Amino acid sequence: MKIRSFLKRRLVSKETEAVVDKIPKPVGSFGYDAWGFNTEAYKIGISLFRPIYEKYFRVEVTGLENIPEDGRLLLIANHSGQLPIDGALIGYALATSPHAPRAVRAMIERFFPKAPFIGNILNEVGAVLGDPVNCAKMLDREEAIVVFPEGIRGSGKPWSQRYKLQRFGLGFMHLAVQTNTPIIPVGIVGCEETMPTLFHLNGLAKLLGMPYLPVTSPIPLPAKVHLHFGKPMVFEGPIETEDDAAINVERVKDEINTLIQSGLEARNGWFS
Amino acid sequence: MSEVEKPEVLITGAGGALAQNVINQLKEQYRVVLVDFRRRVQFDEGMSSYRVEYNKRGFEDIFRKHDIQAVIHLGRMGLYESTHRNRYNHNVLGTQRLLDLCHKYDVHQVIVLSTFFVYGASPYNSALISEDQPLKASELTMDLVDSVELENLANIYLWKYPELNITILRPCNIAGPGVLNSMSLLLSNSLAPVLIGFSPMMQFMHVEDIASAIVVAFKENHPGIYNVASDDWISYQEAVVQCGCTRLLIPSAPEGVPLRISKMLGLKAWPSYLINYYKYPVVIDGSLFNKTFNYKPKRSLDDIFSYYREKKALGIL
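Residues numbered from 1 in each chain as written. Chains lettered and ligands numbered in written order. Predicted model: local features only at pLDDT ≥ 70, side-chain atom pairs only at ≥ 80, totals over all residues.

Q: It is not clear to me how the overall build of chain B should be interpreted in this structure. Could you clarify?
A: When its secondary structure is counted, chain B shows 11 helices and 13 strands. With the C-alpha coordinates aligned to their principal axes, the bounding extent of chain B is approximately 60 × 40 × 35 Å. Burial status across chain B gives 50% buried among its 317 residues. A separation of at least 24 residues holds for 75% of the contacts in chain B among residues at least 6 apart in sequence. (Helix = DSSP H or I, 4+ residues; strand = E, 2+ residues; numbered from the N terminus. Buried ≥ 20, exposed ≤ 12 C-beta atoms within 10 Å, placed from the backbone. Contact = placed C-beta atoms within 7 Å.)

Q: What's the story with the overall build of chain A in this structure? I'm lost.
A: Scanning chain A from N- to C-terminus turns up 10 helices and 9 strands. The C-alpha atoms of chain A give a radius of gyration of 18 Å, which matches the 19 Å a tight globule of 272 residues would have. Seen along its three principal axes, the alpha-carbon backbone of chain A occupies a region of about 50 × 45 × 40 Å. Burial statistics for chain A: of 272 residues in total, 42% are counted as buried. Residue pairs at least 24 apart in sequence account for 76% of intrachain contacts in chain A once pairs closer than 6 positions are excluded. (Rg over C-alpha atoms; globule rule 2.2 N^0.38 Å.)

Q: Explain unusual backbone geometry to me, please; I cannot follow it from the model alone.
A: Excluding glycine, residues mostly carry a negative phi; peptide bonds, for their part, are mostly trans. In this chain, A:Gly237 is followed by A:Pro238 through a cis amide linkage whose omega measures 0 degrees. Tracing the backbone through its elements, the reader meets A:Pro238 in the loop between strand 9 (226-229) and helix 10 (242-266). The peptide bond linking B:Ala253 to B:Pro254 adopts the cis configuration, its omega dihedral lying at -5 degrees. Residues other than glycine seldom take positive phi values, yet B:Asp106 does so here, at roughly 55 degrees. Overall, the presence of 12 C-beta atoms within 10 Å leaves B:Asp106 in the exposed class. Here B:Asn221, not a glycine, exhibits a phi torsion of approximately 50 degrees, which is positive. In this fold, B:Asn221 is placed in the loop between helix 7 (207-220) and strand 11 (224-228). The partly exposed category is assigned to B:Asn221, around which 13 C-beta atoms lie within 10 Å.

Q: Just to check I follow, could you spell out the interface of chain B and chain A for this structure?
A: By convention, interface size is frequently given as the accessible area that disappears when the constituent parts associate. Between chain B and chain A, the residue contacts involve 24 residues of the former and 20 residues of the latter. Sorting the residues of the side of chain B that touches chain A by element identifies strand 12 (234-235), helix 8 (236-242) and helix 11 (301-313) of chain B as the ones contributing at least two each. Across the side of chain B that touches chain A, the residue classes tally to 14 nonpolar, 6 polar and 4 charged. (Nonpolar A, V, L, I, M, F, W, Y, C, P; charged D, E, K, R; others polar.)

Q: I tried to follow the pairing of strand 2 (residues 73-77) of chain A on my own but got confused; where do I start?
A: Looking down a regular strand, the side chains alternate between one sheet face and the other. Residues and elements named next belong to chain A. For strand 2, the tally of buried residues reaches 5 of 5 residues, placing the bulk of the element in the interior. The side-chain alternation of strand 2 yields two buried faces, one formed by Leu-73, Leu-75 and Ala-77 and the other by Leu-74 and Ile-76. Of the strand pairs in this sheet, strand 2 and strand 5 (residues 144-147) are connected by 4 bridges, and their pairing is parallel. Looking across to strand 5, one finds that Ile-76 is bridged to Val-147. In terms of strand pairing, strand 2 meets strand 6 (residues 183-189) through 4 bridges, oriented parallel. Of the residues in strand 6, the one forming a bridge with Ile-76 is Pro-185. (Pairing = 2+ DSSP bridges.)

Q: Explanation requested: the sheet that holds strand 4 (residues 127-129) of chain A in the structure shown.
A: Each strand in a sheet pairs with its neighbour through backbone hydrogen bonds, running either in the same direction (parallel) or in the opposite one (antiparallel). All names here are of chain A. Spatially, 1-9-6-2-5-3-4 is the arrangement adopted by the 7 strands of the open sheet, whose pairing is mixed. The two strands at the open ends of the sheet, each matched to only one other strand, are strand 1 (60-62) and strand 4. Ignoring which end each strand starts from, the neighbouring axes of this sheet average 25 degrees apart. (Axes fitted to C-alpha atoms, helices over the stretch in contact; angles between N-to-C directions.)

Structural data, given as structure tokens:
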């Protein structure tokens, strides 16, 4: 608490404070919500992440005008780069959006809540355990949630599989239909090049209780990242079978693929 | 209404701070019969009061002697009070006896106070746990088996004898003046153990608000199972700081270390079987209760914490 006050004094500018204060985010009397999000920690997180977003990855964004200013929302994106940097980049882009700033929630792997410090810190800046009940409850509270339906299949894929979408889980589609939530497809270009991975040390990862352990660059490389937000997609139910859900999911996947391909064509190279 | 015409309500655990608050809110409209297994509770003059264990034969005499219309069952042996076997006998078998007597003597309504502990603390808990989620506390430790079993028992009677109109309440952490549960004892201390790297979200309600919730559940009578919690949250470490405690940092890894340290410390306020509750969140959703009973707590988190802070500043705690 003292540390948080100290960091806030040192790191958070008046501009950042004003940006975050504009975001409609219901919290309790001590600034927390039920999932552990904390307004002050979020401001510190945004301030710390600014140079990474602006200077290191030099993120370029298109389609932010497609994000509605309020109401429940699922942002469905491709996952890559070994670390959950893509989720943080989407979060920052939405928090600082000139159109409609929003505090987006990211779903995290089941490994994190058991990790000292990391689990709590991720919660404080808006990340939440990837769980359908959590997701449904947050949508009930009109939150915007970023979901990577590829899960670790996407984030942990090796270099040979870059920009090839892995199998999508169907859970997000059931949730979208059940809760009448629009979906924004997001194509991310550049994160694949931040940590090119040749192979994984699966045995050691299992021993350490980690989802995977890549043999890769010791730190993320400063590849230029492009985020492309597509137009809202609305799916009407009911979903009778898993095949129905899979057909809808394929439509989202196609849309994300289109956004990725146009992003790849538009960029000049990995670092520019 | 004359004293004789007032309906009779039996309250167990009458010596506790929560029960005292409930009694104060009910005594004008009801003839309150007080029962406690620890001591004979002195309240207002003329109020019937008994020291009796629910498992003993004498307990039935109270039902014979009084025309009990409703029972508010608050009397439980606390988590730190005895062995888990004694707690099981008192809390589970005693409650079974109580419910059997309620059925035998045509009691029209029973309120059972349970606890949010029944959900269990797990790293994989979602937030805002609703009443239909499984009760996983007994997976953690034998010491919480009685809490889960008491719930299961009340549930069985809820469906088997609908005429008993059983309402089960699962409140979040109860705190405030006179409360002697583990959490309140912990907040009263100057040193509060915290696990390094973990600070789960928690919910607290003032003892007076929980008493009001019990009274409204009793008066409006909508049988069922309800979480009772406010729509406000705070991390554990921030809560203890707000209460004026100094954090005592306990290593959280390897996994068995905090358990061993807790056993070594032997603190009633930080028992080993509750370690996971100081590590992982158990955030419950109180919206069903609030909506059904049109209920809103009056006291804020700061009202609760300032009680502990001020008492410490005055050297009372």
